Amino acid sequence: MRLVAVDGPSGSGKTTFACELARALGAGLLSTDDFATWDDPVAWWPRVAGGVLDPLRRGEPGRYRRMVWTGGEPVLGPEVVVEVPDVLVLEGVSSGRRAVSPLLTHLVWCEVPDRAERLRRVLDRDGEAGEPHFRRWQEFETGWFAVDGTRSRADSIFTS
């Protein structure tokens, strides 16, 4: 299985890019939004690695419980089965983290450089009520990307 990560700050078009890429490649698609919560932006990684990536690498279906966002708060939803694809596109904040680098075939970085524009795009998409959460999220991801060095390891960079 080949693994492509599409990473970058929130509001930069990662999901749109990843959906188009997966469709063009006939690939599977997995979003970090299915795992992350406001209180746990990235520490859920063992669920992705152990529940999805490790089984897929063995040629077995992966499984996880998806976060369902009802009324702006996440709750664990039903189990999702991920069949073994030839290519899996993993998209979302921290999808290209250093820990997954050895498994990646390609790392794509998507970024809208203007932070205020990214916030506006997210609020247009998800609603104004989430603004305090998204502002904290932006602070977190800025630090995360600085420490992880994700952008510097990207094979392709798309900015708009």
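Here, every reference points to the structure presented above.
What you are looking at is a predicted structure, and each value in this text was computed from that prediction instead of being measured.

Chemist: Please explain helix α4 (residues 131-148) as it appears in this structure.
Modeler: One full turn of an α-helix is made of 3.6 residues, so residues set three or four places apart face in the same direction. With 18 residues, α4 should reach 26 Å at 1.5 Å per residue; the first-to-last C-alpha distance of 25 Å fits that figure. Looking at the buried residues of α4, the elements they touch are β1 (2-7), β6 (106-111), α3 (115-126) and α5 (150-153). Note on α4: the residue one or two positions beyond its end, Gly 149, has a positive phi of about 70 degrees.

Chemist: Honestly, the sheet that holds β1 in this entry has me stumped. Any pointers?
Modeler: Backbone hydrogen bonds hold the strands of a sheet together, and the pairing may be parallel or antiparallel. Here 5 strands make up an open sheet; going across it, the order is β2-β5-β1-β6-β7 and the pairing parallel. At either margin of the open sheet sits one strand with a lone partner, and together these are β2 (28-31) and β7 (156-159). Here the average twist between neighbouring strands, direction ignored, is 20 degrees. Pairing of β1 with β6 involves 4 bridges; the strand directions are parallel. Among the inter-strand pairings, Ala 5 is bridged to a residue of β6, identified as Leu 107. Strand contacts of helix α2 (residues 45-57): β1, β2 and β5 (87-91), with the helix running at about 170 degrees to β5, the strand carrying the most contacts.

Chemist: What's the story with the environment of Thr 37 in this structure? I'm lost.
Modeler: Following the sequence through the fold, Thr 37 ends up in the loop between β2 and α2. As for Thr 37 and Trp 69, which are separated by 32 residues in sequence, their C-alpha atoms are 9.1 Å apart.

Thresholds, definitions, all that
- Residues numbered from 1 in each chain as written.
- Predicted model: local features only at pLDDT ≥ 70, side-chain atom pairs only at ≥ 80, totals over all residues.
- Heavy atoms only, no water.
- Helix = DSSP H or I, 4+ residues; strand = E, 2+ residues; numbered from the N terminus.
- Expected span 1.5 Å × (residues − 1).
- Contact = heavy atoms within 4.5 Å.
- Pairing = 2+ DSSP bridges.
- Axes fitted to C-alpha atoms, helices over the stretch in contact; angles between N-to-C directions.

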